[in-house]
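What follows is the residue order along each chain.
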Amino acid sequence: MKDLLALKLLPCLLFLAILSAWQATWAASAALRADLTHVDSGRGFTNGELLRGMAARSTARAASLRYSSSARPGASSEAVTVPMARGSTGREDYVSEYLIHFGIGTPRPQPVALELDTGSDLIWTQCACIVCFDQSFPVVDTSASATVRGLSCTDPLCGSGGLPLSGCAADDNVCFYVYAYADQSITTGKIMEDTFTFQAPNSTGVTAVPSLRFGCGAYNTGDFISNESGVAGFGRGPLSLPSQLQITRFSYCFTAIVDGRTSPVFLGTPDSLEAQAMGPIQSTPFAPNPAGSSFYYLSLKGITVGKTRLPFNASVFALKDDGSGGTFIDSGTAITNFPQAVFQSLQEAFVSQMPLPVANNSYGRLCFAISSSTADPRKVPVPKLILHLDGADWDIPRENYMLHVQDVDGTGAGDGLCVVIDSSGDDDFTIIGNFQQQNTHIVYDLDANKMIFLPARCNKL
(Lines give C-alpha, C1' and ligand atoms only; values in the text may rest on other atoms or scores of the structure.)
Protein backbone atom coordinates (compact mmCIF):
# COMPACT_ATOMS: atom_id res chain seq x y z
CA MET A 1 0.00 0.00 0.00
CA LYS A 2 2.76 2.45 0.95
CA ASP A 3 4.76 1.63 -2.19
CA LEU A 4 1.65 2.08 -4.34
CA LEU A 5 0.91 5.44 -2.77
CA ALA A 6 4.49 6.56 -3.34
CA LEU A 7 4.22 5.67 -7.03
CA LYS A 8 0.98 7.66 -7.34
CA LEU A 9 2.61 10.68 -5.72
CA LEU A 10 5.84 10.46 -7.77
CA PRO A 11 4.67 12.95 -10.44
CA CYS A 12 3.77 15.39 -7.65
CA LEU A 13 7.16 14.98 -6.01
CA LEU A 14 8.83 15.68 -9.35
CA PHE A 15 6.67 18.74 -9.66
CA LEU A 16 7.80 19.90 -6.20
CA ALA A 17 11.36 19.88 -7.49
CA ILE A 18 10.17 22.30 -10.20
CA LEU A 19 8.52 24.44 -7.52
CA SER A 20 11.84 24.75 -5.67
CA ALA A 21 13.38 26.23 -8.82
CA TRP A 22 9.64 28.37 -9.23
CA GLN A 23 -12.53 45.77 -1.56
CA ALA A 24 -15.01 46.14 1.09
CA THR A 25 -14.13 44.28 4.29
CA TRP A 26 -16.07 41.70 6.24
CA ALA A 27 -16.80 41.15 9.91
CA ALA A 28 -17.10 37.61 11.26
CA SER A 29 -20.48 38.49 12.77
CA ALA A 30 -21.99 39.13 9.32
CA ALA A 31 -23.50 36.48 7.06
CA LEU A 32 -22.11 36.12 3.56
CA ARG A 33 -24.23 34.64 0.83
CA ALA A 34 -22.99 32.93 -2.32
CA ASP A 35 -24.74 31.08 -5.12
CA LEU A 36 -24.39 27.38 -5.80
CA THR A 37 -25.02 25.72 -9.14
CA HIS A 38 -25.67 22.03 -9.60
CA VAL A 39 -23.37 20.42 -12.14
CA ASP A 40 -26.30 19.09 -14.17
CA SER A 41 -28.04 22.47 -14.33
CA GLY A 42 -28.77 23.64 -17.85
CA ARG A 43 -27.64 20.41 -19.50
CA GLY A 44 -31.13 19.45 -20.71
CA PHE A 45 -31.25 16.07 -18.98
CA THR A 46 -34.46 14.14 -18.51
CA ASN A 47 -35.36 12.90 -15.03
CA GLY A 48 -34.12 9.46 -16.01
CA GLU A 49 -30.77 10.83 -17.16
CA LEU A 50 -30.47 12.88 -13.98
CA LEU A 51 -31.16 9.75 -11.95
CA ARG A 52 -28.51 7.72 -13.78
CA GLY A 53 -25.91 10.44 -13.29
CA MET A 54 -26.69 10.85 -9.58
CA ALA A 55 -26.56 7.10 -9.04
CA ALA A 56 -23.19 6.78 -10.77
CA ARG A 57 -21.65 9.63 -8.79
CA SER A 58 -23.06 8.32 -5.51
CA THR A 59 -21.69 4.84 -6.19
CA ALA A 60 -18.24 6.25 -6.93
CA ARG A 61 -18.19 8.39 -3.79
CA ALA A 62 -19.40 5.53 -1.59
CA ALA A 63 -16.75 3.26 -3.09
CA SER A 64 -14.06 5.77 -2.24
CA LEU A 65 -15.32 5.87 1.34
CA ARG A 66 -14.47 2.18 1.68
CA TYR A 67 -10.85 3.06 0.88
CA SER A 68 -10.92 6.12 3.11
CA SER A 69 -12.43 4.16 6.03
CA SER A 70 -9.87 1.37 5.73
CA ALA A 71 -7.14 4.00 5.68
CA ARG A 72 -8.09 5.64 8.98
CA PRO A 73 -5.69 5.39 11.89
CA GLY A 74 -6.19 2.10 13.69
CA ALA A 75 -7.75 0.36 10.72
CA SER A 76 -4.49 -1.31 9.65
CA SER A 77 -0.76 -1.11 10.19
CA GLU A 78 -0.35 0.72 6.88
CA ALA A 79 -3.13 3.25 7.35
CA VAL A 80 -3.03 6.66 5.73
CA THR A 81 -5.75 9.30 5.90
CA VAL A 82 -7.10 10.78 2.69
CA PRO A 83 -10.04 13.09 2.03
CA MET A 84 -13.18 11.66 0.47
CA ALA A 85 -13.29 11.28 -3.29
CA ARG A 86 -15.16 13.91 -5.17
CA GLY A 87 -17.76 11.56 -6.65
CA SER A 88 -16.08 11.13 -10.03
CA THR A 89 -15.03 8.14 -12.05
CA GLY A 90 -13.55 9.72 -15.14
CA ARG A 91 -16.49 10.13 -17.48
CA GLU A 92 -18.08 13.48 -18.20
CA ASP A 93 -21.35 12.65 -16.48
CA TYR A 94 -19.60 11.42 -13.31
CA VAL A 95 -18.77 14.76 -11.78
CA SER A 96 -19.01 16.91 -8.69
CA GLU A 97 -22.33 18.00 -7.19
CA TYR A 98 -22.66 21.67 -6.19
CA LEU A 99 -20.26 24.46 -7.19
CA ILE A 100 -19.76 27.65 -5.16
CA HIS A 101 -18.85 30.81 -7.09
CA PHE A 102 -16.71 33.72 -5.85
CA GLY A 103 -13.63 35.73 -6.85
CA ILE A 104 -9.99 35.71 -5.70
CA GLY A 105 -7.58 38.65 -5.75
CA THR A 106 -7.66 42.43 -6.10
CA PRO A 107 -8.29 44.90 -7.62
CA ARG A 108 -10.16 42.71 -10.10
CA PRO A 109 -11.40 39.50 -8.47
CA GLN A 110 -10.81 36.47 -10.70
CA PRO A 111 -13.74 34.01 -10.81
CA VAL A 112 -13.50 30.48 -9.45
CA ALA A 113 -16.07 27.67 -9.35
CA LEU A 114 -15.28 25.19 -6.59
CA GLU A 115 -17.07 22.07 -5.47
CA LEU A 116 -18.68 22.59 -2.05
CA ASP A 117 -17.40 19.58 -0.12
CA THR A 118 -18.37 18.98 3.51
CA GLY A 119 -16.02 15.97 3.51
CA SER A 120 -12.67 17.76 3.03
CA ASP A 121 -10.90 20.89 4.27
CA LEU A 122 -8.55 22.45 1.71
CA ILE A 123 -9.72 25.29 -0.53
CA TRP A 124 -7.86 25.19 -3.82
CA THR A 125 -8.15 26.34 -7.41
CA GLN A 126 -6.02 26.01 -10.51
CA CYS A 127 -3.32 28.61 -11.05
CA ALA A 128 0.29 28.85 -12.27
CA CYS A 129 -0.50 25.74 -14.31
CA ILE A 130 2.15 23.22 -15.23
CA VAL A 131 -0.23 20.25 -15.50
CA CYS A 132 -3.91 21.19 -15.24
CA PHE A 133 -7.27 19.85 -16.34
CA ASP A 134 -9.29 21.85 -18.87
CA GLN A 135 -11.61 24.51 -17.51
CA SER A 136 -13.92 26.80 -19.47
CA PHE A 137 -12.64 30.06 -17.96
CA PRO A 138 -9.12 31.37 -17.22
CA VAL A 139 -7.17 29.93 -14.30
CA VAL A 140 -6.29 32.33 -11.48
CA ASP A 141 -3.27 34.50 -12.25
CA THR A 142 -1.76 35.36 -8.87
CA SER A 143 0.62 37.89 -10.45
CA ALA A 144 -2.42 40.02 -11.33
CA SER A 145 -3.42 40.42 -7.70
CA ALA A 146 -2.17 43.30 -5.56
CA THR A 147 -2.94 41.51 -2.29
CA VAL A 148 -1.62 37.98 -2.79
CA ARG A 149 1.22 36.57 -0.72
CA GLY A 150 2.61 33.13 -0.10
CA LEU A 151 2.09 31.35 3.21
CA SER A 152 5.40 30.97 5.01
CA CYS A 153 6.44 27.38 5.53
CA THR A 154 7.03 28.28 9.19
CA ASP A 155 3.34 29.09 9.61
CA PRO A 156 1.62 26.52 11.88
CA LEU A 157 -1.00 25.83 9.18
CA CYS A 158 1.71 24.52 6.89
CA GLY A 159 2.94 21.93 9.33
CA SER A 160 -0.15 21.13 11.39
CA GLY A 161 -3.12 22.36 9.36
CA GLY A 162 -4.25 18.94 8.22
CA LEU A 163 -2.33 18.80 4.95
CA PRO A 164 -1.34 15.18 4.18
CA LEU A 165 1.98 16.29 2.73
CA SER A 166 3.52 19.75 2.97
CA GLY A 167 6.91 21.39 3.21
CA CYS A 168 9.05 24.35 2.30
CA ALA A 169 9.84 25.53 -1.23
CA ALA A 170 13.56 26.29 -1.17
CA ASP A 171 13.37 29.22 -3.58
CA ASP A 172 10.89 31.44 -1.73
CA ASN A 173 10.14 29.92 1.70
CA VAL A 174 6.47 29.39 0.68
CA CYS A 175 4.52 26.38 1.92
CA PHE A 176 3.94 23.73 -0.73
CA TYR A 177 1.35 20.98 -0.46
CA VAL A 178 0.20 17.70 -1.98
CA TYR A 179 -3.47 16.81 -1.46
CA ALA A 180 -4.66 13.45 -2.76
CA TYR A 181 -8.31 12.38 -2.80
CA ALA A 182 -9.45 8.79 -2.48
CA ASP A 183 -10.47 8.66 -6.17
CA GLN A 184 -6.79 9.36 -7.05
CA SER A 185 -7.43 12.99 -7.96
CA ILE A 186 -4.45 15.05 -6.84
CA THR A 187 -3.68 18.74 -6.48
CA THR A 188 -0.18 20.05 -5.83
CA GLY A 189 1.05 23.60 -5.50
CA LYS A 190 1.70 26.38 -3.02
CA ILE A 191 -0.48 27.72 -0.21
CA MET A 192 -1.28 31.35 -0.92
CA GLU A 193 -3.19 34.05 0.92
CA ASP A 194 -5.47 36.58 -0.78
CA THR A 195 -8.82 38.37 -0.69
CA PHE A 196 -11.99 36.43 -1.53
CA THR A 197 -14.87 38.45 -2.96
CA PHE A 198 -18.46 37.26 -2.75
CA GLN A 199 -21.15 38.68 -5.02
CA ALA A 200 -24.45 39.49 -3.34
CA PRO A 201 -27.65 38.17 -5.01
CA ASN A 202 -28.94 40.12 -8.02
CA SER A 203 -25.65 42.08 -8.22
CA THR A 204 -26.62 44.30 -5.25
CA GLY A 205 -23.06 44.53 -3.98
CA VAL A 206 -19.93 42.62 -3.08
CA THR A 207 -18.22 41.61 0.15
CA ALA A 208 -14.47 41.17 0.28
CA VAL A 209 -12.75 39.04 2.92
CA PRO A 210 -8.96 39.49 3.14
CA SER A 211 -6.20 37.07 4.08
CA LEU A 212 -7.82 33.72 3.31
CA ARG A 213 -5.53 30.77 2.60
CA PHE A 214 -5.98 28.55 -0.46
CA GLY A 215 -4.06 26.11 -2.58
CA CYS A 216 -2.70 27.53 -5.82
CA GLY A 217 -2.82 24.25 -7.72
CA ALA A 218 -0.21 24.06 -10.43
CA TYR A 219 -0.23 20.26 -10.84
CA ASN A 220 -3.80 18.92 -10.85
CA THR A 221 -4.88 15.57 -12.22
CA GLY A 222 -7.94 13.37 -11.87
CA ASP A 223 -11.63 13.47 -12.60
CA PHE A 224 -12.65 17.08 -13.10
CA ILE A 225 -14.91 18.80 -15.61
CA SER A 226 -14.64 22.11 -17.41
CA ASN A 227 -17.22 24.01 -15.33
CA GLU A 228 -15.19 23.67 -12.11
CA SER A 229 -11.75 24.93 -11.12
CA GLY A 230 -11.14 23.20 -7.79
CA VAL A 231 -12.66 22.31 -4.42
CA ALA A 232 -13.86 24.37 -1.44
CA GLY A 233 -13.51 22.32 1.73
CA PHE A 234 -16.31 22.91 4.26
CA GLY A 235 -15.10 20.26 6.71
CA ARG A 236 -13.99 20.58 10.33
CA GLY A 237 -10.27 21.22 9.73
CA PRO A 238 -8.45 24.57 10.15
CA LEU A 239 -8.02 25.17 6.40
CA SER A 240 -11.72 24.85 5.53
CA LEU A 241 -13.67 27.93 4.47
CA PRO A 242 -15.91 27.99 7.60
CA SER A 243 -12.88 27.61 9.87
CA GLN A 244 -10.92 30.38 8.19
CA LEU A 245 -13.90 32.73 8.28
CA GLN A 246 -14.21 31.93 12.01
CA ILE A 247 -17.95 31.58 11.68
CA THR A 248 -20.10 29.70 14.16
CA ARG A 249 -22.67 28.68 11.54
CA PHE A 250 -22.97 27.98 7.85
CA SER A 251 -25.94 26.71 5.92
CA TYR A 252 -27.24 25.86 2.48
CA CYS A 253 -30.63 25.31 0.92
CA PHE A 254 -30.58 23.14 -2.21
CA THR A 255 -33.29 23.91 -4.75
CA ALA A 256 -34.92 21.03 -6.63
CA ILE A 257 -32.36 19.46 -8.94
CA VAL A 258 -34.94 18.92 -11.67
CA ASP A 259 -35.63 22.69 -11.74
CA GLY A 260 -32.00 23.67 -12.44
CA ARG A 261 -32.08 26.85 -10.32
CA THR A 262 -29.22 28.26 -8.28
CA SER A 263 -29.12 27.46 -4.55
CA PRO A 264 -27.98 29.74 -1.71
CA VAL A 265 -25.18 29.04 0.75
CA PHE A 266 -24.83 31.25 3.82
CA LEU A 267 -21.48 31.72 5.57
CA GLY A 268 -22.59 32.92 8.97
CA THR A 269 -26.04 33.17 10.53
CA PRO A 270 -28.88 34.18 8.18
CA ASP A 271 -31.10 37.04 9.32
CA SER A 272 -34.03 34.73 10.00
CA LEU A 273 -34.39 30.97 9.81
CA GLU A 274 -38.15 31.44 9.65
CA ALA A 275 -37.82 33.19 6.27
CA GLN A 276 -39.53 31.05 3.63
CA ALA A 277 -39.97 28.22 6.16
CA MET A 278 -42.49 25.53 5.21
CA GLY A 279 -42.48 23.63 8.51
CA PRO A 280 -41.05 23.40 12.01
CA ILE A 281 -37.43 24.13 12.93
CA GLN A 282 -35.74 21.03 14.35
CA SER A 283 -32.23 20.21 15.51
CA THR A 284 -30.08 17.17 16.24
CA PRO A 285 -26.59 17.05 17.80
CA PHE A 286 -23.57 16.10 15.76
CA ALA A 287 -22.05 12.79 16.79
CA PRO A 288 -18.31 12.41 17.52
CA ASN A 289 -16.09 11.99 14.46
CA PRO A 290 -13.66 9.13 13.90
CA ALA A 291 -10.00 10.09 13.88
CA GLY A 292 -8.92 11.83 10.69
CA SER A 293 -12.43 12.54 9.39
CA SER A 294 -13.82 15.97 8.45
CA PHE A 295 -17.40 14.78 8.00
CA TYR A 296 -20.40 15.82 10.06
CA TYR A 297 -21.74 12.69 11.75
CA LEU A 298 -25.28 12.30 13.11
CA SER A 299 -27.02 9.86 15.45
CA LEU A 300 -29.61 7.98 13.41
CA LYS A 301 -31.91 5.95 15.65
CA GLY A 302 -34.20 4.30 13.09
CA ILE A 303 -36.25 4.59 9.88
CA THR A 304 -39.98 4.48 9.20
CA VAL A 305 -41.54 3.75 5.80
CA GLY A 306 -45.27 4.46 5.79
CA LYS A 307 -46.76 2.39 8.61
CA THR A 308 -43.63 0.27 9.10
CA ARG A 309 -40.79 1.00 11.49
CA LEU A 310 -37.88 -0.91 9.99
CA PRO A 311 -36.46 -3.58 12.37
CA PHE A 312 -33.11 -1.87 12.99
CA ASN A 313 -32.04 -0.01 16.11
CA ALA A 314 -29.50 2.75 16.59
CA SER A 315 -26.54 0.36 16.78
CA VAL A 316 -26.90 -0.46 13.08
CA PHE A 317 -26.31 3.20 12.17
CA ALA A 318 -23.72 4.01 14.84
CA LEU A 319 -20.00 4.56 14.45
CA LYS A 320 -17.98 1.48 15.41
CA ASP A 321 -14.91 1.46 17.65
CA ASP A 322 -12.66 0.82 14.63
CA GLY A 323 -13.98 3.94 12.84
CA SER A 324 -16.24 2.06 10.42
CA GLY A 325 -19.98 2.52 10.05
CA GLY A 326 -21.70 5.64 11.27
CA THR A 327 -24.11 8.10 9.68
CA PHE A 328 -23.10 11.44 8.19
CA ILE A 329 -24.69 14.14 6.09
CA ASP A 330 -22.84 14.99 2.89
CA SER A 331 -23.11 17.74 0.29
CA GLY A 332 -21.00 15.75 -2.18
CA THR A 333 -23.08 12.55 -2.33
CA ALA A 334 -26.23 12.75 -4.45
CA ILE A 335 -28.31 9.82 -3.18
CA THR A 336 -28.69 8.55 0.39
CA ASN A 337 -26.98 5.20 1.03
CA PHE A 338 -28.06 2.67 3.67
CA PRO A 339 -26.39 -0.61 4.66
CA GLN A 340 -27.58 -3.48 2.44
CA ALA A 341 -29.83 -5.13 5.05
CA VAL A 342 -31.53 -1.80 5.81
CA PHE A 343 -31.86 -1.02 2.11
CA GLN A 344 -33.47 -4.40 1.41
CA SER A 345 -35.95 -3.95 4.26
CA LEU A 346 -36.77 -0.44 3.05
CA GLN A 347 -37.51 -1.70 -0.46
CA GLU A 348 -39.78 -4.43 0.89
CA ALA A 349 -41.68 -1.86 2.94
CA PHE A 350 -42.26 0.29 -0.14
CA VAL A 351 -43.39 -2.68 -2.25
CA SER A 352 -45.90 -3.78 0.38
CA GLN A 353 -47.44 -0.31 0.73
CA MET A 354 -47.34 1.24 -2.75
CA PRO A 355 -50.65 1.19 -4.69
CA LEU A 356 -48.75 0.53 -7.94
CA PRO A 357 -47.13 -2.61 -9.37
CA VAL A 358 -43.35 -2.93 -9.52
CA ALA A 359 -42.06 -1.91 -12.94
CA ASN A 360 -39.45 -3.58 -15.07
CA ASN A 361 -36.97 -0.77 -15.63
CA SER A 362 -33.59 0.07 -17.05
CA TYR A 363 -32.43 2.05 -14.01
CA GLY A 364 -31.40 -0.85 -11.81
CA ARG A 365 -33.59 0.30 -8.93
CA LEU A 366 -37.05 -0.11 -7.45
CA CYS A 367 -39.63 1.63 -9.62
CA PHE A 368 -43.42 1.42 -9.80
CA ALA A 369 -45.38 1.46 -13.06
CA ILE A 370 -47.80 4.31 -13.64
CA SER A 371 -50.84 3.43 -15.74
CA SER A 372 -51.80 5.58 -18.71
CA SER A 373 -55.00 6.55 -16.87
CA THR A 374 -53.03 8.32 -14.12
CA ALA A 375 -53.57 12.01 -14.79
CA ASP A 376 -51.03 13.38 -12.29
CA PRO A 377 -48.26 11.13 -10.89
CA ARG A 378 -47.73 13.66 -8.09
CA LYS A 379 -51.12 12.67 -6.67
CA VAL A 380 -50.34 8.98 -6.39
CA PRO A 381 -50.20 8.23 -2.63
CA VAL A 382 -46.77 7.05 -1.48
CA PRO A 383 -45.57 5.88 1.96
CA LYS A 384 -43.82 8.47 4.09
CA LEU A 385 -40.08 8.19 4.71
CA ILE A 386 -38.95 9.37 8.15
CA LEU A 387 -35.42 9.38 9.55
CA HIS A 388 -35.47 9.21 13.34
CA LEU A 389 -32.51 11.28 14.53
CA ASP A 390 -31.39 12.07 18.05
CA GLY A 391 -34.08 14.49 19.26
CA ALA A 392 -35.75 15.00 15.87
CA ASP A 393 -37.79 13.17 13.22
CA TRP A 394 -36.87 14.16 9.66
CA ASP A 395 -39.98 13.67 7.53
CA ILE A 396 -38.45 13.57 4.04
CA PRO A 397 -40.69 15.24 1.40
CA ARG A 398 -41.93 12.74 -1.18
CA GLU A 399 -40.20 14.55 -4.06
CA ASN A 400 -36.90 13.94 -2.23
CA TYR A 401 -37.13 10.15 -2.47
CA MET A 402 -39.71 9.38 -5.19
CA LEU A 403 -38.88 10.59 -8.71
CA HIS A 404 -41.24 10.55 -11.69
CA VAL A 405 -39.33 8.99 -14.59
CA GLN A 406 -40.59 8.90 -18.15
CA ASP A 407 -40.16 5.71 -20.20
CA VAL A 408 -39.18 3.79 -17.09
CA ASP A 409 -38.41 0.51 -18.86
CA GLY A 410 -36.55 2.06 -21.80
CA THR A 411 -39.07 0.70 -24.34
CA GLY A 412 -41.53 3.60 -24.39
CA ALA A 413 -44.17 1.49 -22.66
CA GLY A 414 -44.86 3.92 -19.83
CA ASP A 415 -43.75 6.08 -16.93
CA GLY A 416 -42.83 5.15 -13.40
CA LEU A 417 -42.12 6.36 -9.88
CA CYS A 418 -38.63 5.39 -8.76
CA VAL A 419 -37.34 5.19 -5.18
CA VAL A 420 -34.21 7.36 -5.03
CA ILE A 421 -32.37 5.51 -2.25
CA ASP A 422 -29.25 3.39 -2.71
CA SER A 423 -27.38 0.65 -0.89
CA SER A 424 -23.88 1.00 0.52
CA GLY A 425 -23.38 -2.70 -0.23
CA ASP A 426 -21.50 -4.79 2.27
CA ASP A 427 -20.36 -1.67 4.11
CA ASP A 428 -22.16 -0.52 7.22
CA PHE A 429 -22.13 3.25 6.79
CA THR A 430 -25.09 5.54 6.05
CA ILE A 431 -24.74 8.71 3.96
CA ILE A 432 -27.55 11.27 3.81
CA GLY A 433 -27.22 12.64 0.28
CA ASN A 434 -28.12 15.99 -1.23
CA PHE A 435 -31.17 14.71 -3.18
CA GLN A 436 -32.83 14.00 0.17
CA GLN A 437 -31.82 17.51 1.34
CA GLN A 438 -33.63 19.41 -1.43
CA ASN A 439 -35.78 22.36 -0.31
CA THR A 440 -34.52 21.88 3.24
CA HIS A 441 -32.51 24.60 4.94
CA ILE A 442 -29.59 22.72 6.52
CA VAL A 443 -27.72 24.72 9.18
CA TYR A 444 -24.37 23.54 10.57
CA ASP A 445 -24.24 25.15 14.02
CA LEU A 446 -20.56 24.67 14.81
CA ASP A 447 -20.67 26.52 18.11
CA ALA A 448 -23.52 24.42 19.54
CA ASN A 449 -22.28 21.28 17.72
CA LYS A 450 -25.66 20.52 16.18
CA MET A 451 -27.49 20.47 12.86
CA ILE A 452 -30.62 22.59 12.48
CA PHE A 453 -32.99 21.78 9.63
CA LEU A 454 -36.36 22.92 8.34
CA PRO A 455 -38.34 22.62 5.10
CA ALA A 456 -38.07 25.85 3.12
CA ARG A 457 -38.62 27.51 -0.25
CA CYS A 458 -34.95 27.51 -1.15
CA ASN A 459 -35.45 29.41 -4.40
CA LYS A 460 -36.94 32.33 -2.41
CA LEU A 461 -34.09 32.72 0.10
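Numbering of residues starts from 1 in every chain and runs along the sequence as written. A pLDDT threshold of at least 70 governs which residues receive local features in this predicted model, and a stricter bar of 80 or more applies before side-chain atom pairs are shown or counted, although totals over entire chains, interfaces and linings include all residues. Hydrogens and water molecules were not included; the side-chain quantities draw on all heavy atoms of the structure.

Chemist: Looking at this model, I keep getting lost on the packing of aromatic side chains. Mind explaining?
Modeler: The way to describe two aromatic rings as a pair is by their centre distance and the angle between their planes. Ring geometry is summarised as follows: Phe, Tyr and Trp rings, the Trp one being its six-membered ring, pair when their centres sit within 6.5 Å, and such pairs are stacked at plane angles under 30 degrees, edge-to-face over 60 and tilted between the two. A full pass over the atoms with the stated rule returns 16 aromatic pairs. A ring pair is formed by Tyr252 and Tyr444, whose centres lie 5.6 Å apart and whose planes are at 50 degrees; its orientation type is tilted. Separated by 192 residues along the polypeptide, Tyr252 in strand E11 (residues 249-253) and Tyr444 in strand E26 (residues 440-445) bring together distant segments of the chain. Across the pair, exposure class does not vary: Tyr252 and Tyr444 are buried alike. Here the aromatic rings of Tyr296 and Tyr444 are separated by 4.8 Å at their centres, their planes lie at 70 degrees, and the arrangement is edge-to-face. Separated by 148 residues along the polypeptide, Tyr296 in strand E14 (residues 296-298) and Tyr444 in strand E26 bring together distant segments of the chain. The cut-offs for exposure are 20% and 50% of the maximum accessible area for each residue type, with area from a 1.4 Å probe on protein chains only; residues under the lower value are buried, those over the upper are exposed, and the others partly exposed. Classification of Tyr444 by relative accessible area gives buried; the value is 0%. Following the ring pairs from residue to residue traces out a cluster consisting of Tyr98, Phe234, Phe250, Tyr252, Phe254, Phe286, Tyr296 and Tyr444. Against the face of Phe286 rests Arg236, its NZ or CZ located 5.2 Å from the ring centre. Counting from the N terminus, the helices are the DSSP runs of H or I reaching at least four residues and the strands are the DSSP runs of E reaching at least two. In this scheme, Lys NZ or Arg CZ marks a charge over a ring once it lies within 6 Å of the ring centre and within 35 degrees of the ring normal.

Chemist: How do you make sense of the state of the cysteines when you look at a structure like this?
Modeler: Covalent bonding between the sulfur atoms of two cysteines is what defines a disulfide. Criterion for a disulfide: a pair of cysteine sulfur atoms at a distance within 2.5 Å. The full count for this structure, using the stated rule, is six disulfides. Across the disulfide, Cys127 is cross-linked to Cys216 (sulfur-sulfur distance 1.8 Å). Here the residue Cys127 occupies a position in strand E4 (residues 123-131), and Cys216 occupies one in strand E9 (residues 206-221), the gap between them amounting to 89 residues. Across the protein, the disulfide pattern expressed with sequentially numbered bonded cysteines is 1-8, 2-3, 4-6, 5-7, 9-12, 10-11.

Chemist: In this structure, what is going on with the layout of surface pockets? I would like to understand it.
Modeler: The gaps left among the atoms become clear once a water-sized probe is rolled over them. A volume near 430 Å³ is recorded for the largest pocket. As for the largest pocket, its lining consists of 20 residues, of which Ala256, Val258, Arg378, Glu399 and Met402 are closest to the centre. Considering each element in turn, the lining of the largest pocket owes the most residues, three residues, to strand E22 (residues 402-405). Throughout this entry, Asp, Glu, Lys and Arg are counted as charged residues, while Ala, Val, Leu, Ile, Met, Phe, Trp, Tyr, Cys and Pro are counted as nonpolar. The remaining residues, Gly among them, count as polar. Its residues placed into classes, the lining of the largest pocket shows eight nonpolar, seven polar and five charged. Cavities and pockets were defined on a 1 Å grid built from protein atoms only: a cavity is a group of points that admits a 1.4 Å probe but offers it no way out, a pocket is an open group of points flanked by protein on both sides within 12 Å along at least five of seven lines, and a lining residue is one with an atom within 4 Å of any such point. Grid points are joined across faces, edges and corners, and a volume is the space filled by probe spheres set on the points.

Chemist: Any chance you could explain the pattern of salt bridges here in plain terms?
Modeler: Where charged atoms from two side chains of opposite charge approach closely, those side chains can pair. Here a salt bridge means any side-chain nitrogen of Lys or Arg lying within 4 Å of a carboxyl oxygen belonging to Asp or Glu. Under the counting rule described, the total for this entry stands at 13 salt bridges. Asp40 is the partner of Arg43 in a salt bridge, and the nearest nitrogen-oxygen pair spans 3.3 Å. Asp40 sits in the buried class, given a relative accessible area of 7%. Lys190 is the salt-bridge partner of Asp172, the closest N and O atoms lying 2.5 Å from each other.

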